[in-house]
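Chain by chain, the residues:
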Amino acid sequence: MNSPILQLLVLAGIAIFLVLRLRSVLGTREGFEKPPASVSKGQSDQRRDFEVIDGGPDHDIIDHVPENSPAARALADMKRAEPSFGVSDFLSGARGAYEMILMGFERGEIESLKGFLDEDVYETFADVVAQREEQGLTIEAEFVGVRELSLADATFDEATRRGEIVVRYVGELTSVVKNAEGEVIEGSSTAIKRQKDVWTFARTMGSDDPNWQLVATDE
């Protein structure tokens, strides 16, 4: 066989071997990559609820409530209504608000809390404080700290732009109740008691007033 022809056959065989070898390692690809599977408008909107700029989930939401839950969707709606709103920032403020409001109520100093309480909640607190004063009772309380804090639920009304967030607390404090004679009738200044509260805060998202108001209390 002619030497040039033999060389061509050898080179062709080597080329075929290399092609097959590359296919076994890299796999095959036909044409362009297929586009992502299409999603419905509802699915697309839902995905955008929990995605940040880089396309990942919004951990500011899903670190506190289950992904795709009603509460998560409500928090995402709040963020769209007010882009500067942050769930972690809210919870940090809610921690401070708990001490401020709880201690103000325990000590009967609720006038300064009026801007942070819904009218009905304020009146309820004021009635309790008035009843204590009528009975000659005073409370000496010291706040120890928030042992547990979690976001329990959230809702958002698109028509009114009103957002509500439910926070579950476990607080620790010392509390002593004294009668008109100064005698201790309940509690201890050294024994730390644990108190559980479920508070609901509300605010119109996007409004100029940055303060959330306490609108409901429960245990």
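Being a predicted model, the structure only gives us computed values, none of them experimental.

Cut-offs and rules
Residues numbered from 1 in each chain as written. Predicted model: local features only at pLDDT ≥ 70, side-chain atom pairs only at ≥ 80, totals over all residues. Heavy atoms only, no water. Phe/Tyr/Trp six-rings, centres within 6.5 Å; stacked < 30°, edge-to-face > 60°. Helix = DSSP H or I, 4+ residues; strand = E, 2+ residues; numbered from the N terminus. Buried < 20%, exposed > 50% of the residue type's maximum accessible area, 1.4 Å probe, protein only. Lys, Arg positive; Asp, Glu negative; His and termini not counted. Salt bridge = Lys/Arg side-chain N within 4 Å of Asp/Glu carboxyl O. Contact = heavy atoms within 4.5 Å. Core = buried A, V, L, I, M, F, W, Y, C linked by side-chain atoms within 4.5 Å.

## Concerning the packing of aromatic side chains
Throughout the structure, instances matching the rule amount to 9 aromatic pairs. Aromatic rings pair up to connect Phe 85, Phe 90, Tyr 98, Phe 143, Tyr 169, Trp 199, Phe 201 and Trp 212 into one cluster.

## Digging into the side chain of Glu 106
In this structure, Glu 106 sits in helix H5 (residues 87–106). The side chain of Glu 106 is buried and forms no salt bridge, while Lys 193, the nearest opposite charge, is found at 4.9 Å. Setting aside residues up to four positions removed in sequence, Glu 106 forms contacts with Arg 132, Ile 139, Ala 141, Leu 173, Ser 175 and Gln 195.

## Some points on the nonpolar core
Residues Leu 75, Met 78, Phe 85, Phe 90, Ile 165 and Phe 201 are the most contacted members of the largest nonpolar core, which totals 46 residues. Among the elements of the structure, helix H3 (59–62), helix H4 (70–81), H5, helix H6 (119–134), strand S1 (138–157), strand S2 (162–178) and strand S3 (184–204) are those that each provide at least two residues to this core. Sort the elements by how many residues they give to this core and H5 lands first, with 10 residues. Sequence-distant contacts of Met 78, defined by excluding residues within four places in its chain, comprise Phe 85, Ala 154, Thr 155, Phe 156, Gly 163, Glu 164, Ile 165, Met 205 and Trp 212.

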